[in-house]
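Examination of the molecular architecture
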Amino acid sequence: MSPAKTPAEILDIDGHEVRVTSPDRVVFAEPGITKLDLVRYYLAVAEGALRGAGGRPMVLKRFSKGLDQEPFFQKRVPENHPAFIDTATLRYASGTSAEETVIRDAAGLAWVVNLGCLDLNPHPVRAEDLDHPDELRVDLDPMPGVDWSQIVDVAFIVRDVLQDHGLVGWPKTSGSRGLHILVRLRPEWNFADVRLAAETLAREVENRAPGLATARWWKEERGESVFVDFNQNAKDRTVASAYSVRALPDARVSTPLTWDEVRSRRPDEFTVLTVPERFATLGDPHAGIDDAAGSLDALLALAKELGPAEKPPRGGDGSGRRASTMPLIEVARTKTKPEALEALETWKQRHPDATSALHPADVLVDGMRGSSSLWYRVRVNLQHVPDAERPAQEGLIADYDPWAGRSPS
């Protein structure tokens with residue numbers, strides 16, 4: 001978000017004063033959406049957005065330099081936060097802790113948007129009980145080459161597995177290519193139990209739809225399938241919540257759906273410009289989610305029946321790192337996604353014969369979490385390239401170190 005000279009606008013939101021700086025700054029150029037437009041959007045859908053993110057500690061994902069720059073992730077609440085912003089201190093397995101932001105009302109929504117936040121990234125716990133998640137999150141993440149109909153088919157299998165185990169799934173578009181299915185829980189289980197239940201759900205979905213869905217954690221082993229991402233339930237993970245605006249050129253929104261809509265609607269229909277009218281007309285399809293809190297007992301019983309998930313083999317170099325079963329080569333590590341794609345294109349130009357044999361899912365461009373922002377790793381799976389034509393591992397085209405210059409904490 002480049003500097004602008006327009007004066008700040010002061011909003012009175014339910015008795016709270018919120019200052020919106022540079023209100024006329026254009027955030028989404030294609031639809032012409034300004035910073036103040038984003039604030040007004042969140043105020044229009046506040047009831048639904050707060051149902052998803054209100055009362056939960058959240059990581060602030062700030063696009064302070066605009067959509068064409070990587071955001072930075074701020075765990076700690078800004079020191080000068082107003083009185084209507086609550087906080088909660090989360091403690092992590094690493095031994096670190098962070099006093100994180102907790103919003104509870106529409107003024108809080110406006111305040112985080114003014115900081116440069118587009119999407120809301122809450123933890124799956126309430127501020128009043130940080131050790132027991134009340135939400136299991138199913139993230140259906142399609143591999144390249146997977147179309148929307150396949151994602152939808154997997155979503156309905158997820159719904160069936162949940163129903164068979166006494167749970168209710170609430171679907172929403174991710175705001176990108178996939179679908180999220182939220183499951184309210186009674187806050188009686190710890191993070192390890194919730195993650196195990198999510199992994200068990202993913203394994204059962206894969207068992208019912210082999211080839212269509214996968215629970216394989218390692219990306220190069222998934223093929224052209226829908227990954228049921230259970231690791232979004234780890235303690236340190238957050239997911240863009242309902243009514244979050246995503247950083248795509250059309251200002252797309254992660255939008256709650258009814259199950260009747262899942263087959264007929266498409267993610268690109270839901271934007272900052274269209275969702276407020278939908279919300280005003282139809283209300284929030286997730287309005288009943290808090291009344292549907294269920295038990296993990298049945299999924300945890302299934303976990304015992306299935307036994308431990310298969311673990312990847314470890315390398316023989318003494319490092320203890322896993323050994324991939326696929327012929328992977330690494331191409332680059334970069335600070336930004338455009339740099340990653342440029343490095344990939346350079347590699348393809350060097351190896352046109354190998355490139356012609358690749359399938360869409362063989363190209364792996366992954367956003368990796370650094371200390372406060374994403375960096376990108378580019379790999380290529382040569383499984384579909386004949387052995388004699390497989391390029392060897394070369395020096396990285398780009399070798400960005402996201403931890404350079406940082407002392408260990």
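Residues numbered from 1 in each chain as written. Predicted model: local features only at pLDDT ≥ 70, side-chain atom pairs only at ≥ 80, totals over all residues. Heavy atoms only, no water.

**Some remarks on helix 8 (residues 297–306)**
Taken together, the buried positions of helix 8 are occupied by Leu299, Leu300, Leu302 and Ala303. All buried residues of helix 8 lie within an arc of 155° about the axis, which places them on one face of the element. Among the exposed residues of helix 8, those pointing more than 90 degrees away from its buried face are Lys304 and Glu305. Where helix 8 is buried, its residues meet helix 5 (191–208). Positive phi shows up at Gly307, right after helix 8, with a value of about 80°. (Buried < 20%, exposed > 50% of the residue type's maximum accessible area, 1.4 Å probe, protein only. Helix = DSSP H or I, 4+ residues; strand = E, 2+ residues; numbered from the N terminus. Arc of directions from axis to C-beta. Contact = heavy atoms within 4.5 Å.)

**Some points on helix 9 (residues 337–350)**
In an α-helix, one turn spans 3.6 residues; hence positions three or four apart end up facing the same way. With 14 residues, helix 9 should reach 20 Å at 1.5 Å per residue; the first-to-last C-alpha distance of 20 Å fits that figure. Of all the positions in helix 9, only Ala340, Ala343, Leu344 and Trp347 are classed as buried. Along the axis of helix 9, the buried positions cluster into a sector of 100°, meaning they face one direction only. Exposed positions of helix 9 whose direction lies more than 90 degrees from the buried face are Pro338, Glu342 and Gln349. (Expected span 1.5 Å × (residues − 1).)

**Topic: the sheet that holds strand 17 (residues 374–381)**
The strand order across the open sheet built from 4 strands is 16-17-15-18, with neighbouring strands paired in mixed fashion. Only two strands of the sheet have a single neighbouring strand rather than two, namely strand 16 (363–369) and strand 18 (398–399). In terms of strand pairing, strand 15 (residues 328–334) meets strand 17 through 6 bridges, oriented antiparallel. Along strand 17, the bridge assignment pairs Ile329 with Val380. (Pairing = 2+ DSSP bridges.)

**A few points about the confidence of the model for the chain**
Across the chain, the average pLDDT comes to 90, with 94% of residues at or above 70. A low-confidence stretch, residues 315–319 stays under pLDDT 50, and its non-local contacts, those more than four residues away or across chains, total 3 contacts. (pLDDT = per-residue confidence, 0-100.)

**Digging into the side chain of Arg25**
Inspection of the secondary structure puts Arg25 in the loop between strand 2 (16–20) and strand 3 (26–28). In this structure the side chain of Arg25 is engaged in a polar contact, spanning 2.9 Å, whose partner is the side chain of Ser22. (Polar contact = N/O pair within 3.5 Å; in protein donor to acceptor, adjacent residues only side chain to side chain.)

**Things to note about unusual backbone geometry**
Even without a glycine there, the phi angle at Asp14 is positive, about 55°. Positive phi is not limited to glycine here, since Ser22 has a value of about 45°. Here Ser22 lies in the loop between strand 2 and strand 3. Under the relative-accessibility criterion, Ser22 is labelled buried at 8%.

**Some words on the packing of aromatic side chains**
Any pair of aromatic rings gets described here by the distance separating the centres and the angle formed by the planes. Evaluation of the coordinates by the stated rule reveals 4 aromatic pairs. Plain terms: the ring middles of Tyr41 and Tyr42 are 5.0 Å apart, the flat faces sit at 70° to each other, and that makes the pair edge-to-face. Of the residues examined, Tyr41 reaches a relative accessible area of 2% and is grouped as buried. Using a relative accessible area of 1% as the deciding quantity, one classes Tyr42 as buried. Ring plane angle 55° and centroid distance 5.1 Å describe the contact between Phe156 and Trp259, whose orientation is recorded as tilted. Note that Phe156 is positioned in helix 4 (residues 148–164) and Trp259 in helix 6 (residues 259–262), a separation of 103 residues in sequence. Of the two residues, Phe156 and Trp259, both sit in the buried class. The side chain of Arg159 reaches across the aromatic face of Trp259, ending 5.2 Å from its centre. (Phe/Tyr/Trp six-rings, centres within 6.5 Å; stacked < 30°, edge-to-face > 60°. Lys NZ or Arg CZ within 6 Å of the ring centre and 35° of its normal.)

**Examining the pattern of salt bridges**
Across all of its chains, the model carries 25 salt bridges by this definition. Note that Glu269 and Arg265 form a salt bridge whose closest N and O atoms lie 2.7 Å from each other. In the salt-bridge network here, residues are joined through shared partners; they are Arg56, Arg126, Asp134, Glu135, Arg137, Arg184 and Asp290. (Salt bridge = Lys/Arg side-chain N within 4 Å of Asp/Glu carboxyl O.)

**What to know about the sheet that holds strand 12 (residues 179–184)**
Taken in spatial order, the 5 strands of this open sheet run 11-12-10-14-13, and their pairing is mixed. Looking at the sheet topology across the chains shown, the edges are occupied by strand 11 (170–173) and strand 13 (213–214). Alignment of strand 13 against strand 14 (residues 226–229), held across 2 bridges, turns out to be parallel. Residue pairing across strands places Thr214 opposite Phe227, the latter belonging to strand 14. Packed on one face of the sheet, helix 5 meets strand 10 (135–142), strand 13 and strand 14 and runs near 40° to strand 10. (Axes fitted to C-alpha atoms, helices over the stretch in contact; angles between N-to-C directions.)

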